[in-house]
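# Descriptive analysis of the structure
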Amino acid sequence: QVQLVESGGGLVQAGGSLRLSCAASGRIFNINAMAWYRQAPGKERELVARISNIGATNYADSVKGRFTISRDNGKNWMYLQMNSLKPEDTAVYYCNVEGTYRSYDYWGQGTQVTVSS
């Protein structure tokens, strides 16, 4: 059974940085893409960043130039480097791993990121 665990969240001041990590219980094969989502109170869950199996990346307009997604397929780890954090970045951040041909879709339980003014 595959389990994803996020870490690295916490409380930071505006302008600060955090690096989120997502680790799997074991190696995951046939990965199509990995992604980070977030959900703020009273808001819909939104895609923050995504990286495909060939390294192509996509970012939400609100985080472009500030966040960077990366992966380590050998370890089945994924990272989100967040710089120049703003209060509006406050949310629960979730990692997601999707398999090729929709063979699976794994989710972590989330990590809280709080950015103070």
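About the criteria used
- The residue numbers shown here count from 1 along each chain, following its written sequence.
- It should be noted that, the model being predicted, local features are given only for residues of pLDDT at least 70 and side-chain atom pairs only at 80 or more, the latter also being counted only at that level, while totals for whole chains, interfaces and linings use all residues.
- The side-chain figures draw on all heavy atoms in the structure; neither hydrogens nor water molecules are used.
- Going along the chain from the N terminus, every DSSP run of H or I of four or more residues is numbered as a helix, and every run of E of two or more is numbered as a strand.
- The classification of residues rests on relative accessible area computed with a 1.4 Å probe and restricted to protein chains. Under 20% of the type maximum is buried, over 50% is exposed, and intermediate values are partly exposed.
- Pairs of cysteine sulfur atoms within 2.5 Å are what we label disulfides.
- When DSSP finds two or more bridges between a pair of strands, those strands are recorded as paired.

One non-glycine residue, S84, adopts positive backbone phi at about 50 degrees. Residue placement: S84 occurs in the loop between β8 (77-82) and β9 (91-99). One non-glycine residue, Y101, lies in positive phi territory at about 55 degrees. Mapped onto the fold, Y101 is located in the loop between β9 and β10 (105-107). Exposure remark for Y101: the relative accessible area of 83% places this residue in the exposed category.

Let's shift gears to the state of the cysteines. Tallying each qualifying case throughout the model produces 1 disulfide. The disulfide partner of C22 is C95, and the gap between their sulfur atoms is 2.1 Å. Judged by the sign of its S-S torsion, about 50 degrees, the bond between C22 and C95 is right-handed. Of this pair, C22 sits in strand β3 (residues 18-24) while C95 is found in strand β9, placing the two residues 73 residues apart along the sequence. The buried category is assigned to C22, whose relative accessible area is 2%. A residue is classified by how much of its surface remains accessible, and C95, at 0% relative accessible area, is buried.

The next point concerns the pairing of β8. Bridge analysis of β3 against β8 gives 6 bridges, and the strand direction is antiparallel. Looking at the pairing, S21 lines up with Y79 of β8. Two elements, strand β7 (residues 67-72) and β8, share 6 bridges in a ladder whose sense is antiparallel. Residue pairing in the sheet places F67 in a bridge with M82 of β8.

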